[in-house]
Amino acid sequence: MSLKPGALEGLKVVEFAHVIAGPLSGTLLADLGATVVHVEDPGSGDPQRGAGPDKDGVHLWWKVAARNKRSVTLNLRTEDGRKVARELAEWADVVITNFRVSTLEKWGLDYASLQTINPKVIVLQVTGFGANSSRRNEPGFGKVGEAMSGVVNITGFEDTPPVHTGFSHGDSVTGLMGAFAIQAALYRKHTDPDFDGEWIDLALYEGLFRLIEWQVIFYDQLGTVPGRGGNKLGAAPAAVINLYGTADGRWLTVTSGTPRSVSNVAALVDEPAENYATRKDQAANSARLDKLLGEWISTRTLAECLETMKRLEVVASPIFTVEDMIADETFRERKIS
């Protein structure tokens, strides 16, 4: 039996990009069968090659980040290197870059220059602050994008400082949004007979900002600046959402998003269902339900909690470590681990 080709087989992509945000877009395309050529600097290569722990001299993060790609070294500071780069751009359907705007213009690898050799090229250009802003030539990294997006301001507890998430959140969301934007451009190319190329100008803060854009209307209409609420979501219609410690030292998240799910939590701790019949009732009694649930969980092991919660259809999950993921039946069934 032959394997089916990837959905993007035949798509040609060249990356003049390094580290995470731009290259992640290419990785996602490569996962679906696109031919992705990753251009690196001679000698040192992509800085991401040296990120994180290594085994037998190979850095493990790089093995994940560079999967399914082809790599070539070019000295883009020389005319010979730039000549080959332009040949690659002429060959490609998509160009991904995250170099500074002024550098791309100097090397003739900006969108306007690439269009002269490939009129229908799609260019994803990732920058810290936007290629048309006054800060277009300033360096930027994902954590700065996170800070600007508002996500760090609402992460953490009310009486503690803001907290960054424990991974490259800004870079990763930018990479995902970039891949999505490329697909939108490819659809337009396929359906619009007048398609004349596409320039996708994506700043590192914009993807995360898009995901929490509700903060803007809260401020505009109510004068409210959303703040940190710990494990709870102030904007969510949920009477219960929190983390709780079990008797055997594990952590469990319990959440609710519908009246029925709240009623199930109430039944678990022997609370009268009528006290949680409406959204107004749930809001009024949320703190009590949270306290009772925390007390109930604290006297039981994780296994005991999960067994009872499954029977009562209380929506809950342990806080997974990577070791838990590898051992988990659902992960195995989904062929993720």
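Everything that follows concerns the structure shown earlier in this document.
About the cut-offs
Residues numbered from 1 in each chain as written. Predicted model: local features only at pLDDT ≥ 70, side-chain atom pairs only at ≥ 80, totals over all residues. Heavy atoms only, no water. Helix = DSSP H or I, 4+ residues; strand = E, 2+ residues; numbered from the N terminus. Buried < 20%, exposed > 50% of the residue type's maximum accessible area, 1.4 Å probe, protein only. Contact = heavy atoms within 4.5 Å. Areas by Shrake-Rupley, 256 points an atom, 1.4 Å probe, with all protein chains shown as cover. Axes fitted to C-alpha atoms, helices over the stretch in contact; angles between N-to-C directions. Parallel < 35°, antiparallel > 145°, perpendicular 65-115°, else oblique. Left-handed = near helix turned anticlockwise from the far one by under 90°. Nonpolar A, V, L, I, M, F, W, Y, C, P; charged D, E, K, R; others polar. 1 Å grid on protein atoms, 1.4 Å probe; cavity = no way out; pocket = protein on both sides within 12 Å on 5 of 7 lines; lining within 4 Å. Points joined across faces, edges and corners; volume = space filled by probe spheres on them. Polar contact = N/O pair within 3.5 Å; in protein donor to acceptor, adjacent residues only side chain to side chain. Phe/Tyr/Trp six-rings, centres within 6.5 Å; stacked < 30°, edge-to-face > 60°. Lys NZ or Arg CZ within 6 Å of the ring centre and 35° of its normal. Core = buried A, V, L, I, M, F, W, Y, C linked by side-chain atoms within 4.5 Å. Salt bridge = Lys/Arg side-chain N within 4 Å of Asp/Glu carboxyl O. Arc of directions from axis to C-beta.

Outline the overall build of the chain, supporting the account with residue identities and numerical values.
In terms of helices and strands, the chain carries 14 helices and 11 strands. Projecting the C-alpha coordinates of the chain onto the three principal axes gives extents of approximately 75 × 55 × 40 Å. Within the chain, buried positions represent 39% of all 337 residues. A separation of at least 24 residues holds for 65% of the contacts in the chain among residues at least 6 apart in sequence. In the structure as shown, the chain presents an accessible area of about 19100 Å², 56% of it carried by carbon and sulfur atoms.

Quick rundown of the packing of helix α10 (residues 259-268) against helix α11 (residues 279-298)? Include the residues and the values.
Where α10 contacts α11, the two axes come as close as 10 Å, and the packing angle between them is 40°. When the axes of α10 and α11 are compared, the pair comes out oblique. Seen along the crossing, α10 lies across α11 with a hand that is left-handed. Residues Pro 259, Val 262, Val 265, Ala 266 and Leu 268 of α10 form the contact with α11, whose own contacting residues are Arg 279, Gln 282, Leu 289, Leu 293 and Trp 296. Looking at the contact of α10 with α11, its residues break down into 8 nonpolar, 1 polar and 1 charged.

Which residues make up the layout of surface pockets, and what values do they have?
Rolled over the atoms, a probe with the dimensions of a water molecule shows which regions are left empty. Estimated volume of the second largest pocket: approximately 360 Å³. Considering the residues around the second largest pocket, the lining is formed by 18 residues, among which His 18, Asn 98, Pro 139, Gly 140 and Phe 141 are closest to the centre. Broken down by class, the residue content of the lining of the second largest pocket amounts to 8 nonpolar, 6 polar and 4 charged.

Describe unusual backbone geometry, listing the residues and the values that go with them.
The phi dihedral of Asp 270 is positive, around 60°, even though this residue is not glycine. Along the polypeptide, Asp 270 turns up in the loop between α10 and α11. With a phi close to 60°, Glu 313 is a non-glycine residue in the positive phi region. Along the chain, Glu 313 turns up in the loop between α12 (302-312) and β11 (316-318).

Can you explain the side chain of Thr 174? Please cite residues and give values.
Locating Thr 174 in the fold gives a position in helix α7 (residues 169-191). Within polar-contact distance, the side chain of Thr 174 engages the backbone oxygen of Leu 204 at 3.3 Å. Dropping the residues within four chain positions of it, Thr 174 is found in contact with Ala 21, Ser 25, Val 126, Leu 202, Ala 203 and Leu 204.

How would you explain the packing of aromatic side chains if you had to name every residue and give the values?
Throughout the structure, instances matching the rule amount to 4 aromatic pairs. Taking the centre distance of 6.1 Å and the plane angle of 10° together, the rings of Tyr 111 and Trp 199 count as stacked. Taken as a pair, Tyr 111 in helix α5 (residues 111-117) and Trp 199 in strand β8 (residues 198-203) lie far apart in primary sequence, 88 residues in all. Taking relative accessible area as the criterion, Trp 199 reaches 38% and is therefore assigned partly exposed. Over the ring of Phe 129 we find Arg 135, and its NZ or CZ is 3.8 Å from the ring centre.

For the nonpolar core, give the residues involved together with the corresponding values.
Counting residues in hydrophobic clusters, the biggest one holds 22 residues, and the most contacted among them are Val 13, Val 94, Ile 96 and Ile 182. Within the residue set of this core, elements represented by two or more residues are α1 (21-31), β6 (94-97), β7 (122-127), α7 and β8. For this core, the element with the highest residue contribution is α7, accounting for 4 residues. Residues contacting Ile 96, with those up to four places away along its chain left out, are Val 13, Val 14, Glu 15, Phe 16, Ala 17, Gly 22, Ser 25, Gly 26, Leu 29, Leu 124 and Ile 182. Core analysis: the next-biggest nonpolar cluster, separate from the first, contains 20 residues, Ala 239, Val 262, Val 269 and Met 309 among them.

Explain the pattern of salt bridges to me, using residue names and the numbers behind them.
Per the counting criterion, the structure on display carries 18 salt bridges. The residue Arg 77 makes a salt bridge to Asp 41 at a minimum N-O spacing of 2.8 Å. Placement of the pair is Arg 77 in the loop between β5 (70-73) and α3 (79-91) and Asp 41 in the loop between β2 (35-40) and β3 (54-55), with a sequence separation of 36 residues. Residue Asp 41 is classed as partly exposed on the basis of its relative accessible area, which comes to 26%. Between Arg 188 and Asp 192 there is a salt bridge; the shortest N-O distance is 3.7 Å. Taking relative accessible area as the criterion, Arg 188 reaches 33% and is therefore assigned partly exposed. Ionic contacts of the salt-bridge type, sharing partners, join the residues Glu 79, Arg 82 and Arg 86 into one network.

Can you lay out α12 for me, pointing to particular residues and giving the numbers?
The complete set of buried residues in α12 reads Leu 302, Cys 305, Thr 308 and Met 309. On an axial view of α12, the arc spanned by its buried residues comes to 140°, and they lie on one face. Exposed and facing more than 90 degrees away from the buried side of α12 are Ala 303, Glu 307, Lys 310 and Arg 311. Tucked inside the fold, the buried residues of α12 contact β10 (251-255), α10, α11 and β11. Following α12 by one or two positions, Glu 313 adopts a phi angle in the positive range, close to 60°.

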